[in-house]
Each structure stands twice: as structure tokens, then as C-alpha cells.
2 protein chains.
Amino acid sequence: MNDDFLKKLIVPAETKIFMLIMDGLGGLPKEPGGLTELESADKPNMNALALHSALGLSSPAGPGIAVGSGPGHLAIFGYDPIENEIGRGALEALGVDFELGPDDVAARGNFCTVDENGILIDRRAGRIATPQAMQLAEILNKIRMDGVELFIRPVKEHRFAFVIRGEGLGAGVTKTDPLTDGVAPLAATGLDAPSQRTAEIVNRFIEKVRVALADEQPANMILLRGFDKLPALPKYQDRYGLNAAAIAVNGMYKGVARLAGMKILPVDGATIEDEFTTLERYWNDFDFFYLHIKQTDTHGEDGDFDRKVRVIEEVDQQVARAMALKPDVVIITGDHSSPTSLKSHSWHPVPLLLFSKNVREDGIGEFGERACVRGSLGIMPAKDVMLLALANAGRISKYGA
Amino acid sequence: MNDDFLKKLIVPAETKIFMLIMDGLGGLPKEPGGLTELESADKPNMNALALHSALGLSSPAGPGIAVGSGPGHLAIFGYDPIENEIGRGALEALGVDFELGPDDVAARGNFCTVDENGILIDRRAGRIATPQAMQLAEILNKIRMDGVELFIRPVKEHRFAFVIRGEGLGAGVTKTDPLTDGVAPLAATGLDAPSQRTAEIVNRFIEKVRVALADEQPANMILLRGFDKLPALPKYQDRYGLNAAAIAVNGMYKGVARLAGMKILPVDGATIEDEFTTLERYWNDFDFFYLHIKQTDTHGEDGDFDRKVRVIEEVDQQVARAMALKPDVVIITGDHSSPTSLKSHSWHPVPLLLFSKNVREDGIGEFGERACVRGSLGIMPAKDVMLLALANAGRISKYGA
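Residues numbered from 1 in each chain as written. Chains lettered and ligands numbered in written order. Predicted model: local features only at pLDDT ≥ 70, side-chain atom pairs only at ≥ 80, totals over all residues. Heavy atoms only, no water.

### Here's the deal with the relation of the copies chain A and chain B
Item 1. Aligned on chain B, chain A shows an RMSD of 0.3 Å; the corresponding rotation is 124° and the shift along the axis is 0.2 Å. One copy is carried onto the other by what is essentially a three-fold rotation axis. (Least-squares fit on C-alpha atoms with pLDDT ≥ 70 in both.)

Structure follows, in C-alpha cells:
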């Protein structure tokens, strides 16, 4: 769907949409023929809601494609996750849960070893241990430069995410990593005026790094590559006419929500209950709420079936609080599947529930993978789910006569 | 599907396709958990047919998009309703059920008030009452010009649809409406040679209007804007090799069918029964029949659940007559949904039945929204339904060896 096409049809309404994203919600049975995590969970509130909902499965990026939380969220927020690719630098930052903003320039970094002449001896600094990298990052995070903020966030071993935050910075910056030992690191160069500004900052920063790490061994320098920004996306206000808010504990999700133009609401605490308290507190102030649950994915990736089940049960209790607010439209789904049996994200489509007084009720009183297969929404692209939510919220007018 | 790709595969056959479109067929229950209009209807013939059919749901323009009957018909006729947008002028004409032809140039019109110097005082002529506009339209419809026919059709208050019918007329004509008071109406200009011809006709017509309305108050002039034609579409004969006919009572549907190259058959009377009599009468003369039922939508938009049910029941009785003709392929669906509970067109996909001796029968002996969710066709784009009909009619040959 073309944005211009949709924009002409969007109309205002006095309705509220609640989107509950359980990260990595979709699952698989512990043993063949058994129940999935969601099917195993005791979840009376979601089941009751399912009875009066339309069910289906949301597919983040099409058949067979397992997505990260970045593209998974872009999709369920209504953006094409393949057209709007999140580049390597931005991915590295999001991957360590850095709250990346739309103007931030991100890059992938390596700690490396150079000799006394500045010639690269080891691009990976002997793959130093992560705790050591964390100490080095602490040193580098103390470096200050006028007009910008700089962030080094360790990833694993010698790898880190690097972010420059400032105004008017371009991301068309060439790598400092020559991708081979035996030569000096390259100077960063900018491909246009705003990127030249970034490149100058990068080069000055690297000089400060050289000084700060001079006495460290083996990691006495850094290399940067894959400079980019998050993709520029049309904002919810402009695209859908929605005054949208996000409730999330982890930085990555706040970053992607901010990209969509959502206001990030403060959560007093870090529990699931705390997030729903924020929902109640701000209910009158916005007409779209995205609420993110991290722990379903955490336990999916840990392979802890029972704990994933318990998180779903905990969320189910909170769903009663959300429903007491009388949302006009409710979406419950995930950004992707994370079956505990696979201990990773997977390509399986994600159970999807759409509630409003105008849906064709499927009359299926259960929210689960196989129940959703019987639902009337079918397997639908995640990026189209917002269109159904908006239609049910009375926010899309008729096309043509 | 690319037209060139399809055209290479189309082969002739001695088969007949019958497409029955109940306008606004899809519905919702009167109360949550209840039956829809279609589910409530006593329809033994359609249910018997459903048992030996493939069922599913047709989606006119994708998730969440409610369409007008224009785009809804384009879609079920096999054309992309978003790529082939019907412009504002053509929409205004179709909206008042004007039988717009493929060569007609249409525009949106206002009655307006000008002072003695021809300067606009009120672009909307004080929003004159519709009956007054109807009287004025009668005056203007008497204006004659060589080589063209001119039509003024009142819409509401000061608004009307304007149509020029003639040969070789372009629609690239600029508006005469300056969109502000205090200035004179603009002269129409043409953006290319055929449109210059149209513009000249428009300007001469407006001079005649000025004379004809000179003594009227407050509406003593007209403004025109949004000139366009219906989109040019490949015809059924060229695209599918089908000798196609349309049976409809209302002008708008005849207009869209003519756009697809269908021959408009005369209906002796205006009842559903009369339409099926036409079907019988011309059965030997064509190999594709589109038959349109208006009243399902009328009662959907009125919000009259019981009358919508009764129309479906009346159609069901006539379906027996159609089946007695032994069509090779039968499609029953709607151009969009019009649930009585919403009193408007809606985005819900439309129940779809495809019968032929070669379908995989779903063995579901009911034609209804939830029965169709269980069907093998799934939710499919309406524009692809014709491909299934053609295949079942033996009219698409194998692609590749």
C-alpha cells in the first residue's frame, strides 16, 4: 500500500487502539504433538477476548524469513521491513539495546592492535574477552567533544557499537577499517557535506582514542565501519493521524517506536505490571498505545519453556487492566516467533488477535497457534495489521464511490 | 498478474461463466455472536451449490480498505482498483448513477453566484436546496451543441456532475473554478490537442449557461473542476477472449461493465426476477455474464437487516434459474461488504463461491461469512478471482513445458 494512497483516506476519530506486543510470542511444542508455550499458558483473559475477536497469524517478512526485533517491529508498526532496511551500524546499536534516535549515526566497531608506527597488527586485538572490552569502553565513554555525544557499547569480545549523537550529521561516512593487517587504519571521509562533518568528528575522536588507549595491550586502537542511520520513516501522526505512545522497558524498542514518531512514556519500574500502570496513567492522553513485553523472547531464546509460559500468564493478568480501560481496538501479537525448542528467533508466523466491536468474531475462545490458524484473518503480512486496526477504529474512509 | 503474460496463455473454449454480484453482500451480525445477514438467509440453492464449490473471501483492495462500488467492481472484474483509480469527476457522475461511458469526459460542478461584472460573489450560490438545483439542471440540460451531448446531474445542494459525450475528446482540461470569491471564473484550457477541443466546448457551453441562468438568483453561473475520464482498461474480449455481457438495472454498474467491454443487455423491468429473465433470454449469445443485484447494498446502507436478508433469499430463488442453464463456472460474491450494523460500505472481505466441475469441492454446504473462512480459497484479492474462473472454464493454457 502506497503511503499517498492511504493518507488521502485517513480521517480523525475519537477512538483508542491498544497494541500489545509480546516479543517472540510464537512458539513450538516442547515435544512433537504437544502444546506450544502460548497454548500451554493459563490465560483466561486473552481466551475470553479471543472469543469476540478475529484471529489469524502475522507474518513479519514473508514465508521462511526469521526477523530480528528491529524489522519485526517495523513490520507490525506498518512499515515494510525489507524496503526499510536497518543497516549494519544501526543494527549493532539496536542489538545491544541502545536507544538509537532517528538522527544518531551508528557504526560497528572493533578493538584492534597497532604497532608503534600505527600499523595494524591484529584487526581483532586477539579477540579480547568481553569483560576487558567493557573496561576499555568505560575509558572511551569518558571522552567528550563539543556539540556531540559519543557512545561506545560493547557487543562481544572485540566488537562494539559506536554512536554519534548530534544535529545535522550525515551517515555517508567511509570505514576506517582497511579490512587487512599490515597497513594503517584509514581516515574517515564524508560523501557529502553533512557526512564530512561526521567524518571530521570521527577522525578527531579516533585521535583521542589513540591517546586514551596508548598504554593498553593488546587493544590499543579502534576500527569503525558500516556507518548508517535508522531509516527515515513517516511518523504515526502524519501517516495515520494518530497521537501515539510507546511503553517499553528496553532501549531498542523505544528506539524503533521513536522512529515511528511515538512518544516514549516513562515506566516507573521494570516489571510487566509497571508497564500496564503506565498505560493506565496515560490512557487519556493518546489514541494509540504500543506496549512491549520483552521476557517472552528472553525465555524463548533461553529455551526455557516453562518460564515463557509463566510470562504469558503474567501478561494475561494485566490484560484485564487494559480491557478495563475500554480500548476500541486491541491487537495482541508478537514481532516474531521465538520457540523455546529452537532457542532463537524463527520464521513461524505469529499468533494474532484483533478485537473491536466491528470485527467478524470467529467465535474461537482460545488464543494459540492452532486456534489462530482457524481464524478469519489468515496468515497476513504484519505490515498490514495496522490497516485493519485503523479501519476498525473508524480511521479510514471509503476509497472511491 | 501482468496482462502480457496472461494474454499468451488465454485459449478459446466452449464454456460459459456466470458471475453474480450481490452489491455489498458481506455483513456482520445484528448483535455480537449472532448470525450475519447472509448467514441468516434461507438460501437452499446457494447452500446446495456451496457443497460442490470452493469457498473463500474476496478482498477488493486489501486489508482495512472499504471501497466504493466503482473500485469494488473494477477489482472483481479483474483490474487493480488502486492502479486504475477513478478520478473525482468520473466519481461524481458514477455516484449519481450516471451511466458514464469510456469516452465521456466528466467534471464536478457547482452552481455559483456572480455579480453584474461576472465576478464571483459566492462559489456555492448560498448552498441552494437540492430541488432548486434540479430545476436549474433541467434548464441546462436543454442546451444543445453540435457534435456532443451534455449532461448536468444534480448531486446535492449546489453540487452537480457534468458530462460531455463526444468523439475524440481529451480530459486534460483545467478547472474554471478559481477556488476563491472576488475574481471571475477561469476559462477552461486544454493540456493537449484533444483536450483543447474539450476546453473550447466547455467554454462555449458556459457562455450558453451564463445566458440561460442570467435571471436566476442566487445561482446564476456554474464552476467546473476535476475533469477526467474513466480509466482506460483492456477489454474482456482482448484480455480474456470472452464475449461478455452485463445485466444491471442501475447506470453506474452498466458504466463500469461497459468499461470492461461488456455488452449491456436490456432488462425488461427492474426486479431481480427481470434480470434473471434477461440472463435466460441471452444465454446462447455470450460466454460471460455479469449480473448485478443492487438491493443487498441498499438495505445494508439503510441498516435494514431483515430486508437485506429477504433480498438474498429472493436472489437464491433465482439462482435455481441460472443453474438450470448449466453454466460451466459460477462465481457468487459482492463488490464489497455493507454490514447493516455499520450502515455503510466496509473493509471486511466478501464471501466468495466458485463453482465448476473442476474445483476442489470444500464440501461445506453453506454460503456464509464463517463458512467461507473455512473454504479452500482463503482470503484472496478480488482482482484474481477472474483467473480462477477462466482456469475452471478451460480458458487458460499451461505456462511453460
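From this point, the narrative continues.
### A short note on the packing of aromatic side chains
Residue and element names in this part refer to chain A.
Item 1. Under the defined criterion, the tally for this structure stands at 24 aromatic pairs over all chains.
Item 2. The rings of Phe 77, Tyr 79, Tyr 236, Tyr 240, Phe 288 and Tyr 290 are connected pair by pair, giving a single aromatic cluster.
Item 3. Sitting above the plane of the Trp 283 ring, Lys 16 keeps its charged end 5.7 Å from the centroid. (Phe/Tyr/Trp six-rings, centres within 6.5 Å; stacked < 30°, edge-to-face > 60°. Lys NZ or Arg CZ within 6 Å of the ring centre and 35° of its normal.)

### Observations regarding helix H3 (residues 44-51) of chain A
Residues and elements named next belong to chain A.
Item 1. For H3, every residue scored as buried is listed here: Met 46, Asn 47, Leu 49 and Ala 50. Seen from one end, H3 has its buried residues packed into an arc of 160°, which puts them on one side.
Item 2. Against strand S1 (17-22), strand S2 (53-59), helix H12 (305-324), strand S11 (329-333) and strand S12 (350-355) lie the buried residues of H3. (Buried < 20%, exposed > 50% of the residue type's maximum accessible area, 1.4 Å probe, protein only. Helix = DSSP H or I, 4+ residues; strand = E, 2+ residues; numbered from the N terminus. Arc of directions from axis to C-beta. Contact = heavy atoms within 4.5 Å.)

### Considerations on the pairing of S12(A)
Residue and element names in this part refer to chain A.
Item 1. A large share of S12 lies buried, amounting to 6 of its 6 residues.
Item 2. Across the two faces of S12 the burial is the same, with Val 350, Leu 352 and Leu 354 and Pro 351, Leu 353 and Phe 355 all buried.
Item 3. The pairing of S2 with S12 spans 6 bridges and is antiparallel. The residue of S12 that forms the bridge with Gly 56 is Leu 352.
Item 4. Sheet topology note: the S11/S12 ladder contains 3 bridges and is antiparallel. Directly across from Ile 331, in S12, lies its bridge partner Leu 354. (Pairing = 2+ DSSP bridges.)

### Side note on the pattern of salt bridges
All names here are of chain A.
Item 1. One pass over the structure, following the stated rule, counts 32 salt bridges over all chains.
Item 2. With a closest N to O distance of 3.6 Å, Asp 297 and Lys 294 form a salt bridge.
Item 3. Lys 294 gets classed as partly exposed once you look at its relative accessible area, which sits at 22%.
Item 4. Linked by salt bridges that have partners in common, Glu 92, Arg 108 and Arg 159 make up one network. (Salt bridge = Lys/Arg side-chain N within 4 Å of Asp/Glu carboxyl O.)

### Some thoughts on the environment of Thr15(A)
Residue and element names in this part refer to chain A.
Item 1. Looking at the element boundaries, Thr 15 is found in the loop between helix H1 (3-9) and S1.
Item 2. Linking Thr 15 and Arg 307, residues 292 residues apart in sequence, is a C-alpha distance of 35 Å.
Item 3. Excluding residues that lie within four positions of it along the chain, Thr 15 makes contacts with Asp 287, Asp 328, Ala 393 and Arg 395.
Item 4. Of note is the side chain of Thr 15, whose polar atom sits 2.9 Å from the backbone oxygen of Ala 393. (Polar contact = N/O pair within 3.5 Å; in protein donor to acceptor, adjacent residues only side chain to side chain.)

### Focus on the sheet that holds strand S13 (residues 378-381) of chain B
All names here are of chain B.
Item 1. As summarised here, the arrangement of the 8 strands in space is S9-S8-S10-S1-S11-S12-S2-S13, forming an open sheet in which the pairing is mixed. In this open sheet, the two strands that pair with only one neighbour each are strand S9 (263-264) and S13.
Item 2. With 2 bridges joining them, strand S8 (residues 244-247) and S9 adopt parallel strand pairing. In the strand pairing of S9, Ala 246 is matched with Ile 264.

### A word on the sheet that holds strand S13 (residues 378-381) of chain A
Residues and elements named next belong to chain A.
Item 1. Sheet architecture is open: 8 strands sit in the order S9-S8-S10-S1-S11-S12-S2-S13, paired in mixed fashion. Whereas interior strands pair on both sides, the edge strands pair on one side only; in this sheet they are strand S9 (263-264) and S13.
Item 2. Sheet analysis places S1 next to S11, joined by 5 bridges and oriented parallel. Opposite Phe 18, over in S11, you have Val 330 as the bridge partner.

Purely spatial values, then, with no claim about function.
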